2 protein chains.
Amino acid sequence: MALSPLQKARYEYSPKLPGMLRNGIADICVKEGAPTQSVADQDRIKALFPNTYGKKEVTFEKGKNTAAPKKQVVGVILSGGQAPGGHNVICGLYDAVKATDKDNVLLGFKGGPSGLIEDDYIEFDDAFIDAYRNTGGFDIIGSGRTKLETEEQFEIVTKVAEKHGLTAIVIIGGDDSNTNAAVLAEYMAAHNTGVQVIGCPKTIDGDLKNEDIEISFGFDTATKTYSELIGNIERDANSAKKYWHFVKVMGRSASHVALECALETQPNICLIGEEVAAKKMSLSQIADQIADSVAKRAANGDNFGVAIIPEGIVEFVPEFSMLIGEINELLAGENTAKFNALSTWEDKYAFIKAGLTDEAMSVFEVLPQGIQQQLFLERDPHGNVQVSLIESEKLFSAMVKEKLAKMKEAGTYKGKFSAQHHFFGYEGRCAFPSNFDADYCYSLGYNAFMLIQYGYTGYLSKVSNLSKPAEEWIAGGMPISKMFNMERRNGKDKPVIRKALVELDGKPFKYFEERRAAWAVETAYTYPGAIQYYGPSEVCDITTKTLALEKG
Amino acid sequence: MALSPLQKARYEYSPKLPGMLRNGIADICVKEGAPTQSVADQDRIKALFPNTYGKKEVTFEKGKNTAAPKKQVVGVILSGGQAPGGHNVICGLYDAVKATDKDNVLLGFKGGPSGLIEDDYIEFDDAFIDAYRNTGGFDIIGSGRTKLETEEQFEIVTKVAEKHGLTAIVIIGGDDSNTNAAVLAEYMAAHNTGVQVIGCPKTIDGDLKNEDIEISFGFDTATKTYSELIGNIERDANSAKKYWHFVKVMGRSASHVALECALETQPNICLIGEEVAAKKMSLSQIADQIADSVAKRAANGDNFGVAIIPEGIVEFVPEFSMLIGEINELLAGENTAKFNALSTWEDKYAFIKAGLTDEAMSVFEVLPQGIQQQLFLERDPHGNVQVSLIESEKLFSAMVKEKLAKMKEAGTYKGKFSAQHHFFGYEGRCAFPSNFDADYCYSLGYNAFMLIQYGYTGYLSKVSNLSKPAEEWIAGGMPISKMFNMERRNGKDKPVIRKALVELDGKPFKYFEERRAAWAVETAYTYPGAIQYYGPSEVCDITTKTLALEKG
């Protein structure tokens, strides 16, 4: 395999641990804090987690290691979408496992949670691990989206654990995976298997964030990668002075990624789904907001601009959700076949018009034809519209174009409008982790083993104080159940970690809100450039503006 | 304006000059070589350039500066599409202008060649220049696509030059702009204006390359940016193991950008337009080649991959060019209105079918409906199909999907195929220039002024030996007319610089050709990562693999 010069150089990078973990395994002692309780629904959650609920928060300190020595055989899985730094979690875990006792074993189960079910694994050794240090991707053992949540699955996992003599399982994943880690931990404890379960907080989307998780890993690198590209496009827009660029960014429902990119690049427009929902904005109102910026800039002679669109935006538009709901109902059952049998778009359109309420139809009519057709092109396995496939960047640019044409007729706009469209997502999920993510992830993995060594289960590997230099980071653990509340999922009440949405009274949004009227008219672009792994510390070691504002 | 940490840090970077230019202006002497002649059509070109043809090639050396002192007032323009490093050409030029005499003046004409016609300019000073050192973009004075080529334009330029007392004009642009620079130089010489004209070779497309131009500036940074993204996507593909990514890259007709990215990232497929043309490949044959890779990888359990598609590919497919030609003819004149008046796609399809030859129709029928419609959506001002708007990445993935469906029926393919599409272009044109481009561009600008000082006109600022460290680079000049041949353009014979296409017997293509059969089946991806401006020299100072292979 041919390695790039950067990959070779990154092998030599030594990730920074929190100061308290730097003295060697023999000099890490544990300090327990107060017992915890879940953020809501305490009684119900306590009842569901009799063996793992209410445990104490934990911090590590410099001091004599008092953990009882035993041979450790640890299994690890990667779960869900890629996030930069996943490899380093495993490297940190491996180094702690081996530093404690070279006879300890780390097994990697392949292809996500299904690897644990199918007993598909490898045993790590130095040579193997060294090839993945400080690299992006999840290709070290692959990932998958199987959910570990049923009793039958847990029984199989227990057998696999017994076969290998597993003492612990580390699950690297998002909110659902960590929820399931807590459920598995409870199962393992209730059945006296002796298998501990530890979670690590992963997602580029930034929606796994709460009192105990300052930032999920990967968010820093992914948003830096998207910001690099958005900044480059801004500079291009400001040089060519002839295009409006509509840039959709990944991030699922929440708009954390879009907001962070906006803080880094200061575009003319950034939509925030949570605000759209709170203000119950219509598609037309959103397009008005963009068209207003286009017209004001055109009046200054600036017929160019950049707008950031979060992937999840349309879900937050109440009228659009209503439309999608009606379409899903309209095409349920045998209607799908009937609809598909219609040969022309005119016939299909008539079918749609006859089936939707006037209210839904009035929304449907506003959409450009290309988007109307996208709603019927591909359905998910349940026959539902795939909202994530809707090219919302094209939707809004088409609506803005129509509005500008009307404004031109009315004499309120005299400019030129030409749009380019971009979608950034896959480009950022497997980048070489930034120094921050490389350090944070390595620390999460190393720290996860300290929790294992001291016998904790159902805990999240917690590293905090992250807006400070790594020396001052705080390593410890928190019961995952502490983050739980009960939510309705698929018709059942379930204990889950609440997804973090952008808080409209939080500092990052407030900062943006105070400045965006100026950014909409002025050319206030900031050009972050490519992620730097070397060079001045202020260039290569600083994490997100979101975290700086939240903790600053 | 808020500056990013990287932008602030890049202000401190000192671009490296060729060794021979490092001793201060007073210690640069000139060495003239042999007289030159154009690469073809010598007599005709000599007749067109009586005052500037056949001049000697020039090299600078360390030695006493013998240029006659005079006050210099230099104008500079940026022409055409953005390329990283344009700002540094101007910074290098400015530094040489001012280092020679602080009373010398550098004027920047705004918005491209039209700035010179409209006398829209600024005078540079230290503070202004310092804000653009080592940054991307052309926003320092903007760019434009007006062509300077008519006598009337030259007369106006002469008046503008007289008004400012211009002694020289530096034109930073691609092949056409440099061609026009030579024509302007001849005009200025023939009319005894005393105004010299110097060109600098710019384009990310890499198609301005010949015996005297080893690489055009911007190509290094742009291809590194695209390669970063392609590498990240490869790593994502290899982690998720469920998508084939079709990545279109900018680069106009030639496939230099695609080829360089392929050399950097080792994808499963990279199409090369020049090969498609040479082998007279059909769309179906190209799709077969990709489908073959998909099927072979699927047989190994790898239902994922990455294919690079050069922007200009479809122009090189003979049957596709024929189809486009027929469509342009079919919809010429009043037929456009007739066609547009048809309300359904079915009616339009019937119109097309009636108007095309059977041969063209057989190509049209192969296209997915979405692409068929793209051919009629937007036409250029002459009513022609806009080939560059055709989403060829979607064209080929749709054709591959159809082929795989047939192979599945025939039992020759048992896999899953799911595609993602990307287009990278604007992301790379305004990135912070790599160290190579920062150094090369600064040298081009600095060197351009040495040519001015020594009285040359119609010359290209030439810096060569670029695969070596900057210390060993060779600075000099070459008459632009040396690169000319006669070509038919818009019905007239014109002297032009021949556009460089990928040479199928050149080392870069040969290197690729020898390895691609293995890459098509194996997962041989290389992950270049983000451009680094700091760190180990092998990470941050190396230019393209194309240049290394050509000069190595």
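Note: the structure precedes this text.
None of these values were measured; they are calculated from a predicted model.

Draft legend 1. Local environment of the overall build of chain A. Looking only at helices and strands, chain A has 22 helices and 15 strands in total. Taking 2.2 N^0.38 as the reference for a compact globule, 552 residues should give roughly 24 Å; the C-alpha atoms of chain A span a radius of gyration of 25 Å, in line with that estimate. Reported as C-alpha extents along the three principal axes, the dimensions of chain A are approximately 80 × 60 × 50 Å. The buried share of chain A, taken over its 552 residues, is 61%. Taking contacts inside chain A between residues at least 6 apart in sequence as the whole, the part at least 24 apart equals 78%. With the model as given, the accessible surface of chain A reaches about 20,700 Å², and the carbon-plus-sulfur share is 49%. Once the 60 positive and 74 negative side-chain charges of chain A are each reduced to a mean point, those two points are 2 Å apart.

Draft legend 2. Structural detail: the side chain of Asn 485 of chain B. Residue and element names in this part refer to chain B. Within the secondary structure layout, Asn 485 lies in strand E14 (residues 484–489). A polar side-chain atom of Asn 485 sits 3.3 Å from a polar atom in the side chain of Glu 487. Side-chain polar atoms of Asn 485 contact the side chain of Arg 498, separated by 3.0 Å. Ignoring sequence-local partners within four residues, the contact set of Asn 485 consists of Val 39, Ala 40, Asp 41, Ile 45, Lys 494, Pro 495, Val 496 and Arg 498.

Draft legend 3. Structural view of the sheet that holds strand E11 (residues 419–424) of chain B. All names here are of chain B. Pairing is parallel across the open sheet formed by four strands, whose spatial order is E9-E10-E8-E11. Looking at the sheet topology across the chains shown, the edges are occupied by strand E9 (269–270) and E11. By the bridge criterion, six bridges tie strand E8 (residues 244–249) to strand E10 (residues 305–310) in an arrangement that is parallel. Residue pairing across strands places His 245 opposite Val 306, the latter belonging to E10.

Draft legend 4. The relation of the copies chain A and chain B, seen in detail. Note on the copies: chain A fits chain B at an RMSD of 0.0 Å, the axial shift is 0.0 Å, and the rotation between them is 180°. Those values place the two copies in the arrangement expected of a two-fold rotation axis.

Draft legend 5. Main features of the pattern of salt bridges. Per the counting criterion, the structure on display carries 65 salt bridges over all chains. Of the charged contacts, one joins Asp 139 of chain A and Arg 235 of chain B as a salt bridge, the two residues approaching to 2.9 Å between their closest N and O atoms. Residue Asp 139 of chain A is located in the loop between helix H5 (126–130) and helix H6 (151–164), and its partner Arg 235 of chain B is located in helix H8 (residues 219–240); the two belong to separate chains. By sharing partners, the salt bridges in this structure join Glu 275, Lys 279, Lys 510, Glu 513 and Arg 516 of chain B into a single network.

Draft legend 6. Examining the sheet that holds strand E4 (residues 105–109) of chain B more closely. Residues and elements named next belong to chain B. The strand order across the open sheet built from nine strands is E1-E2-E13-E12-E7-E6-E3-E4-E5, with neighbouring strands paired in mixed fashion. Edge strands, defined here as strands with exactly one partner in the open sheet, are strand E1 (28–35) and strand E5 (121–123). Neighbour to neighbour, the strand axes of the sheet diverge by 25° on average, direction disregarded. Pairing of strand E2 (residues 56–62) with strand E13 (residues 474–479), which is carried by two bridges, proceeds in the antiparallel orientation. If you follow Thr 59 over to E13, its bridge partner there is Gly 476. Taken strand by strand, helix H3 (residues 86–100) contacts strand E3 (73–78), E4, strand E6 (168–173) and strand E7 (196–201), and its axis lies near 175° from that of E3.

Draft legend 7. Focus on the nonpolar core. Counting residues in each nonpolar core, the largest one holds 188 residues, and the members touching the most others are Phe 60, Ile 90 and Phe 124 of chain A together with Phe 60, Ile 90, Phe 124 and Val 170 of chain B. If sequence neighbours within four positions are ignored, Phe 124 of chain A has contacts with Val 76, Ile 90, Tyr 94, Leu 106, Leu 107, Gly 108, Ile 129, Ile 140 and Ile 141 of chain A. Grouped together as the second largest cluster of nonpolar side chains are 48 residues, Ala 287, Ala 307, Phe 351 and Ile 352 of chain B included.

Draft legend 8. Representation of the side chain of Thr 158 of chain A. Residues and elements named next belong to chain A. Inspection of the secondary structure assignment puts Thr 158 in helix H6. Judged by its relative accessible area of 11%, Thr 158 is buried. Separated by 2.7 Å, the side chain of Thr 158 and the backbone oxygen of Phe 154 make a polar contact. Apart from residues no more than four positions distant in its own chain, Thr 158 is found in contact with Tyr 187, Met 188 and Thr 193.

Draft legend 9. Seen up close, the interface of chain A and chain B. In this assembly, 61 residues from chain A lie in contact with 61 residues from chain B. For the pairing of chain A and chain B, the buried interface totals around 4,500 Å² over both sides, and the portion due to carbon and sulfur atoms is 53%. Residue Glu 391 of chain A pairs with Lys 394 of chain B through a salt bridge whose shortest N-O separation is 3.9 Å. Taken together, the connections running from chain A to chain B amount to 26 residue pairs in polar contact (both at pLDDT 80 or more). At the level of secondary structure, the elements contributing two or more residues to the side of chain A that touches chain B comprise helix H1 (5–11), helix H8 (219–240), strand E11 (419–424), helix H18 (426–429) and helix H21 (537–540) of chain A. In terms of residue count, the dominant contributor to the side of chain A that touches chain B is H8 of chain A (10 residues).

Draft legend 10. Broad picture of a negative patch on the surface. Where like charges cluster on the molecular surface, the negative patch consists of Glu 346 and Asp 347 of chain A together with Glu 346 and Asp 347 of chain B. Contributing elements (two or more residues each) for the negative patch: helix H14 (345–355) of chain A together with helix H14 (345–355) of chain B. A relative accessible area of 38% places Glu 346 of chain B in the partly exposed class.

Draft legend 11. How the structure looks around the packing of helix H11 (residues 283–299) of chain A against helix H17 (residues 392–410) of chain A. Residues and elements named next belong to chain A. Running from N to C, H11 and H17 cross one another at 65°; their axes reach a closest spacing of 9 Å. In the crossing of H11 with H17, the sense of the turn from one axis to the other is right-handed. Contacts between H11 and H17 involve Leu 283, Ser 284, Ile 286, Ala 287, Asp 288, Ile 290, Ala 291, Val 294 and Ala 295 from the former and Leu 395, Phe 396, Met 399, Val 400, Lys 403, Leu 404 and Met 407 from the latter. A breakdown of the residues in the contact of H11 with H17 according to their chemical character gives 13 nonpolar, one polar and two charged.

Draft legend 12. Expanded view of unusual backbone geometry. Despite not being glycine, Asn 192 of chain A shows a phi value in the positive range, around 50°. Position of Asn 192 of chain A among the secondary structure elements: in the loop between helix H7 (175–190) and strand E7 (196–201).

Draft legend 13. Inspection of helix H12 (residues 318–330) of chain B at higher detail. Taking 1.5 Å of rise per residue, 13 residues should cover 18 Å, and H12 of chain B covers 18 Å from first to last C-alpha, within 8% of that figure. Of the residues making up H12 of chain B, those classed as buried are Phe 320, Leu 323, Ile 324, Glu 326, Ile 327, Asn 328 and Leu 330 of chain B.

Draft legend 14. Examining the state of the cysteines more closely. All names here are of chain A. Applying the stated rule across the entire model yields zero disulfides over all chains. With no disulfide of its own, Cys 441 lies 8.6 Å from the sulfur of Cys 200, the closest cysteine sulfur. Of the residues examined, Cys 441 reaches a relative accessible area of 0% and is grouped as buried.

Draft legend 15. Spatial organisation of the environment of Gly 415 of chain B. Residues and elements named next belong to chain B. Following the sequence through the fold, Gly 415 ends up in the loop between helix H17 (392–410) and E11. For Gly 415 and Leu 404, which are 11 residues apart along the polypeptide, the C-alpha to C-alpha distance reads 8.7 Å. Not counting residues within four places of it along the chain, the set of residues in contact with Gly 415 comprises Ala 298, Asn 303 and Lys 408.

Draft legend 16. Region of interest: the packing of aromatic side chains. Taken as a whole and judged by the stated rule, the model has 46 aromatic pairs over all chains. Residues Phe 154 of chain A and Tyr 187 of chain A carry aromatic rings whose centres are separated by 5.2 Å and whose planes lie at 55° to one another, so their mutual orientation is tilted. Within this pair, whereas Phe 154 of chain A is found in helix H6, its partner Tyr 187 of chain A is found in helix H7, the two being separated by 33 residues in sequence. Assessed through its relative accessible area of 3%, Phe 154 of chain A is described here as buried. For Tyr 187 of chain A, a relative accessible area of 8% puts it in the buried group. Judged by centre distance (5.8 Å) and plane angle (45°), the rings of Tyr 349 of chain B and Phe 364 of chain B are tilted.

Cut-offs used in this document
- The numbers attached to residues start from 1 for each chain and follow its sequence in the written order.
- Whichever chain is written first is A, and whichever ligand is written first is 1; the rest continue in order.
- Per-residue local features are limited, in this predicted model, to residues with pLDDT of at least 70; the limit for side-chain atom pairs, both in listing and counting, is 80 or more; totals at the level of whole chains, interfaces and linings are taken over all residues.
- Excluded from the side-chain calculation are hydrogens and water; included are all heavy atoms of the structure.
- Strands are runs of DSSP state E lasting at least 2 residues, helices are runs of H or I lasting at least 4, and numbering of each runs from the N terminus.
- Taken over C-alpha atoms, the radius of gyration is set against a globule rule of 2.2 Å times the number of residues to the power 0.38.
- Buried, partly exposed and exposed residues are distinguished by accessible area as a fraction of the type maximum, computed with a 1.4 Å probe on protein chains only: under 20%, between the cut-offs, and over 50%, respectively.
- The criterion used for residue contact is that any of the two residues' heavy atoms lie within 4.5 Å.
- Residue burial considers only the protein chains on display, and all accessible areas are found by Shrake-Rupley using a 1.4 Å probe.
- Here the positive residues are Lys and Arg and the negative ones are Asp and Glu; neither His nor the chain ends is included.
- Every charge is mapped onto a representative atom, which is NZ of Lys, CZ of Arg, CG of Asp or CD of Glu.
- Think of a polar contact as two N or O atoms within 3.5 Å of one another; within protein, one of them needs to be a possible hydrogen donor and the other a possible acceptor, and neighboring residues in sequence only count if both atoms come from side chains.
- Two strands pair under a simple rule: DSSP has to find at least two bridges between them.
- Residues below a pLDDT of 70 in either copy are left out; the C-alpha atoms of the rest, at least 70 in both, set the least-squares superposition of the copies.
- Here, a salt bridge means any Lys or Arg side-chain nitrogen found within 4 Å of an Asp or Glu carboxyl oxygen.
- Angles here are taken between N-to-C directions and fall from 0 to 180 degrees, while the axes themselves are lines fitted to C-alpha atoms, restricted in helices to the stretch in contact.
- Here, the term nonpolar core denotes a set of buried Ala, Val, Leu, Ile, Met, Phe, Trp, Tyr and Cys residues that are joined through side-chain atoms within 4.5 Å.
- What gets called buried area is simply the loss in accessible area from a 1.4 Å probe that two parts show on being joined, summed for both.
- Candidates for patches are residues over 30% relative accessible area with no salt bridge; among them, like charges are joined within 9 Å and nonpolar side chains (Val, Leu, Ile, Met, Phe, Trp, Tyr) within 5 Å.
- Crossing handedness: left-handed means the near helix sits turned counterclockwise from the far one by under a right angle, and right-handed means the same turn made clockwise.
- Amino acids outside the nonpolar list (Ala, Val, Leu, Ile, Met, Phe, Trp, Tyr, Cys, Pro) and the charged list (Asp, Glu, Lys, Arg) are all regarded as polar, and Gly is one of them.
- A helix's residues, less one, multiplied by 1.5 Å, set its expected span.
- Sulfur atoms of two cysteines make up a disulfide when they are within 2.5 Å.
- For Phe, Tyr and Trp, where Trp contributes only its six-membered ring, two rings pair if their centres lie within 6.5 Å, and the inter-plane angle classes them as stacked under 30 degrees, edge-to-face over 60, or tilted in between.

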